[in-house]
Amino acid sequence: MKVAVMGAGAVGCYYGAMLARAGHEVVLIGRAQHVQAVERDGLHVQTRQFDERIGPPRIRASVDPAAVAGAQLVLFCVKSPDTESAGASIGPHLAADALVLALQNGVDNAERLRGAIAQEVAAAVVYVATEMAGPGHVRHHGRGELVIEPSSQSEAVARALAAAGVPTEVSANVRGALWAKLIINCAYNALSAISQLPYGRLVAGAGVRDCMRDVVAECIAVAQAEGVILPQDVGQAVHRIAESMPGQYSSTAQDVARGKRSEIDHLNGLVVKRGEALGVATPTNRLLHTLVKLIEDKASGAI
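So, how was this worked out
- Residues numbered from 1 in each chain as written.
- Predicted model: local features only at pLDDT ≥ 70, side-chain atom pairs only at ≥ 80, totals over all residues.
- Heavy atoms only, no water.
- Salt bridge = Lys/Arg side-chain N within 4 Å of Asp/Glu carboxyl O.
- Helix = DSSP H or I, 4+ residues; strand = E, 2+ residues; numbered from the N terminus.
- Buried < 20%, exposed > 50% of the residue type's maximum accessible area, 1.4 Å probe, protein only.
- Arc of directions from axis to C-beta.
- 1 Å grid on protein atoms, 1.4 Å probe; cavity = no way out; pocket = protein on both sides within 12 Å on 5 of 7 lines; lining within 4 Å.
- Points joined across faces, edges and corners; volume = space filled by probe spheres on them.
- Nonpolar A, V, L, I, M, F, W, Y, C, P; charged D, E, K, R; others polar.

(A) Looking closely at the pattern of salt bridges. For the structure on display, the rule yields 19 salt bridges. A salt bridge links Glu226 to Arg274; the shortest N-O distance between them is 3.1 Å. Highlighted residues: Glu226 in the loop between helix H8 (208-225) and helix H9 (234-244) and Arg274 in helix H11 (residues 268-278), separated in sequence by 48 residues. Taking relative accessible area as the criterion, Glu226 reaches 23% and is therefore assigned partly exposed. Between Glu296 and Arg261 there is a salt bridge, with its nearest N and O atoms 3.2 Å apart. Of this pair, Glu296 sits in helix H12 (residues 283-300) while Arg261 sits in the loop between helix H10 (251-257) and H11; the two residues are 35 residues apart in sequence, bridging distant segments of the chain. Here Glu296 falls in the buried class, since its relative accessible area comes to 5%. Judged by its relative accessible area of 42%, Arg261 falls in the partly exposed class. Connected via shared salt-bridge partners are Lys79, Asp255 and Lys260.

The following block contains the structure:
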């Protein structure tokens, strides 16, 4: 199977590498510095199970969105704010029968992507702890499961992913799973970004667990007002993250540390926006969203 990764950051590189190791042809589409490193030295992949470099012909890299041409599967891994523009950039080059799998944070990216391209889109929920340790170097800290929504190709793609060492489930309630993941992100991402602490040390802070409990309660209230069917163990799942990924910094923390704009508008900010529309108060999410935006604005010189 030919696979393209659009937005080859930590998440896309990890899953692309797993598919390449299983014999699939993978092209990573990303930023110039990263692409140059992969083309020169291969993709350096560090996990708890292996440490290796994967290069051509198994993995190629490009800065050109047109590199998606001919791919049967596209792992769409761009940041949430870039969904429509990135979709428009690959749309003209996609094979008519390609499946575009949206591996993104947030709950509305697949819907937004469907408005930008004609090909079939399936939402996916990603449970993985990864980071870019440098150009062409992805480091995996734990987990790696995917939950994808039904589509004409989802079962076949799930089998290919599972054979590549990626536990994958096809679920009719991906909306509920996406909201459950959103709740986890809302509980951890902003606090990790503000404190620049990994999850294990973060939850040891005074008052942090109480703050996270308030965030989760607000998110659940908004989800229920939207008619979302959530898994029953959402609260427990939130607490398990610190135990299963103690050394992980949130993606928001990584963005803030690099002076980049984060996805906070699509995490706590989305909960605030939906809460306002539904008449559900979200004061803790509003405060965390505001604090992260202040940090970003200060770093960019906007304030």
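Having put the structure on the table, let's press on.
(B) Just H9, in detail. Considered for burial, the residues of H9 that qualify are Val234, Ala237, Val238, Ile241 and Ala242. Burial along H9 is one-sided: seen end-on, the buried residues are contained in an arc of 150°. The exposed residues of H9 that point more than 90 degrees off its buried face are Gln236 and Glu243.

(C) Empty space enclosed by the protein, seen in detail. Per the counting criterion, the structure on display carries two cavities of 30 Å³ or more. Of the pockets and cavities examined, the largest cavity occupies roughly 50 Å³. Forming the walls of the largest cavity are Ala102, Gln104, Gly106, Val107, Asp108, Asn109, Ala110, Ala123, Ala124 and Leu178. Elements with a minimum of two residues in the lining of the largest cavity: helix H4 (109-114) and strand S8 (120-134). Its residues placed into classes, the lining of the largest cavity shows six nonpolar, three polar and one charged. Approximately 30 Å³ is the volume attributed to the second largest cavity. The set of elements that each furnish at least two residues to the lining of the second largest cavity consists of S8 and helix H6 (174-195). In terms of residue class, the lining of the second largest cavity is built from five nonpolar, three polar and one charged.

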